[in-house]
Amino acid sequence: MTAYLIGLVVLLLCTLLLGLVRVFSGPSRADRMLASQLFGTTGVAIIVLLALITDMNGLHDVALVMAVLAPITSVAFVHMAGDEQR
Amino acid sequence: MTLELLSVLLAIAGVVFFFAGALGLLRFPDVYSRLHALTKADNLGLGLIVMAAILQSSSPAQWLKLILIWLMVMLSGAVTCHLVARRARRIDSRVDKTLESNARQEESGA
Amino acid sequence: MMHLFDLLLILGLLSFATLSLTVRDVFTSIVLFISTGLIIALTWARLGAPDIAIAEAAIGAGLTGALLLAAWRRLQPAVTDQRTHCRNGSSSPTGADDERH
């Protein structure tokens, strides 16, 4: 039962490391930022599954903070690199 | 027992969506289609995994917290993807206008 | 099986940290730094320390990324509106820099 979940967490971590390719080969900066956002969501999923596996309910708070603070960097990116006429 | 089996099946489906999202991020040609692949992984993949976690937790406070996590991720994904798509659209439309005006200048000069 | 997870986590952490220090483009380096903070938060969560993981996710992955992006914006040279004809050739090798104007 838990073994299946551990295998799924390993697969999710592989998915996260796969996104590293897009950070390098992404032609525009928006692509790199999108890869970073996928990292954030995959991290939230990994932490939810880790809380299920190790039976630590305190990890849900980590996932919540990650989910709330994930858009800050993306909004800062659009704000900083967005308007090229300035 | 049936509940645990259902939970594992939901988690497998969520991981499949995450895998499809990462693969789409790698394989799709431009920013808009990559956004399309990314939002599927964000909303549906995390939703299925959260549902799998809900089926195995006991107290209603845990259910509420997990649902709150999912809602926050959906909100941040919607805001981020809207902003990034609007930025990409603005840059593209500016490039189109520049190309049009260049072509017009060449026509009038010729 | 959990050892495989730990091994992949260590591998990812080392590769992200090394690449964020050695890559040439500053923007790519900032994105890699944000991702490194996220993986460090995952590592604290795996080590069983949710409070440090919360602090790392808030500071390392959230606020420092925004501050670094603001600093990167200040470091850009003055913006001049030079729209050249080569903008339609975004598949060219210089396509990585086509938003630098």
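Calculation criteria
Residues numbered from 1 in each chain as written. Chains lettered and ligands numbered in written order. Predicted model: local features only at pLDDT ≥ 70, side-chain atom pairs only at ≥ 80, totals over all residues. Heavy atoms only, no water. Helix = DSSP H or I, 4+ residues; strand = E, 2+ residues; numbered from the N terminus. Rg over C-alpha atoms; globule rule 2.2 N^0.38 Å. Buried < 20%, exposed > 50% of the residue type's maximum accessible area, 1.4 Å probe, protein only. Contact = heavy atoms within 4.5 Å. Areas by Shrake-Rupley, 256 points an atom, 1.4 Å probe, with all protein chains shown as cover. Patch = residues over 30% accessible without salt bridge, like charges linked within 9 Å, V, L, I, M, F, W, Y side chains within 5 Å. Salt bridge = Lys/Arg side-chain N within 4 Å of Asp/Glu carboxyl O. Buried area = accessible area lost by both parts, 1.4 Å probe. Polar contact = N/O pair within 3.5 Å; in protein donor to acceptor, adjacent residues only side chain to side chain. Axes fitted to C-alpha atoms, helices over the stretch in contact; angles between N-to-C directions. Parallel < 35°, antiparallel > 145°, perpendicular 65-115°, else oblique. Nonpolar A, V, L, I, M, F, W, Y, C, P; charged D, E, K, R; others polar. pLDDT = per-residue confidence, 0-100. Core = buried A, V, L, I, M, F, W, Y, C linked by side-chain atoms within 4.5 Å.

We now examine the overall build of chain B. Counting its secondary structure elements, chain B contains 3 helices and 0 strands. If you list the helices and strands of chain B from N to C, you get α-α-α. Taken over the C-alpha trace, chain B has a radius of gyration of 21 Å; the compact-globule value for 110 residues is 13 Å, which it surpasses by more than 25%. Considered along the principal axes of its C-alpha atoms, chain B spans approximately 80 × 25 × 15 Å. Out of the 110 residues in chain B, the part that is buried amounts to 42%. Long-range contacts, defined here as pairs at least 24 residues apart, represent 66% of the contacts in chain B between residues at least 6 apart. Of the roughly 6,100 Å² of accessible surface on chain B, a fraction of 70% belongs to carbon and sulfur atoms.

Moving on: a nonpolar patch on the surface. Taken together, the side chains of Leu5, Leu9, Ile12 and Val16 of chain B present a nonpolar region at the surface, about 370 Å² in accessible area. Counting through the fold element by element, Leu9 of chain B comes out in helix α1 (residues 2-27).

In the Ramachandran plot, Asp55 of chain A falls in the positive-phi region, its phi being about 60 degrees despite a non-glycine side chain. With a relative accessible area of 63%, Asp55 of chain A lands in the exposed category.

Below, the discussion takes up the interface of chain B and chain A. Counting residues at the interface gives 42 residues for chain B, matched by 42 residues for chain A. Roughly 3,800 Å² of surface becomes buried between chain B and chain A when both sides are summed, with 75% attributable to carbon and sulfur atoms. The interface formed by chain B and chain A contains 2 salt bridges. Linking Arg34 of chain B and Asp31 of chain A is a salt bridge whose minimum nitrogen-to-oxygen distance equals 2.7 Å. Elements that contribute at least two residues to the side of chain B that touches chain A include exactly α1, α2 (31-56) and α3 (60-109) of chain B.

Here we come to the environment of Thr64 of chain C. All names here are of chain C. The residue Thr64 is located in helix α3 (residues 50-75) in this model. The partly exposed category is assigned to Thr64, whose relative accessible area is 24%. For the pair Thr64 and Thr43, spaced 21 residues apart in sequence, the C-alpha to C-alpha distance is 18 Å. A distance of 2.7 Å separates a polar atom in the side chain of Thr64 from the backbone oxygen of Ile59.

Running from amino to carboxyl end, helix α3 (residues 29-54) of chain A crosses α3 of chain B at an angle of 175 degrees, the nearest separation of the two axes being 11 Å. Comparing the axis directions of α3 of chain A and α3 of chain B gives the class roughly antiparallel. Across the interface between the two elements, Ala30, Leu34, Gln37, Thr41, Val44 and Val48 of chain A from α3 of chain A touch Leu66, Ile69, Val73, Ser76, Gly77, Thr80, Cys81, Val84 and Arg87 of chain B from α3 of chain B. Residue composition of the contact of α3 of chain A with α3 of chain B, by class: 9 nonpolar, 5 polar and 1 charged.

A separate point is the side chain of Glu56 of chain C. For Glu56 of chain C, the location among the structural elements is in helix α3. Setting aside residues up to four positions removed in sequence, Glu56 of chain C forms contacts with Gly37, Ile40, Ala41, Trp44 and Ala61 of chain C.

So, about the confidence of the model for chain B. Looking at chain B, pLDDT values average 88 and 99% of them are 70 or higher. Across chain B, the element-wise mean pLDDT spans from 87 in α3 of chain B up to 91 in α1 of chain B.

On to the nonpolar core, then. For soluble globular proteins, nonpolar side chains are generally found buried alongside one another. Membership of the largest hydrophobic core comes to 81 residues, with the highest contact counts inside it found for Ile46 of chain A together with Phe5 of chain C. Ranked by the residues each element gives to this core, the list is headed by α3 of chain A, at 16 residues. Apart from the residues within four sequence positions on either side, Ile46 of chain A is in contact with Val9, Leu12, Leu13 and Leu16 of chain A together with Phe5 and Leu42 of chain C.

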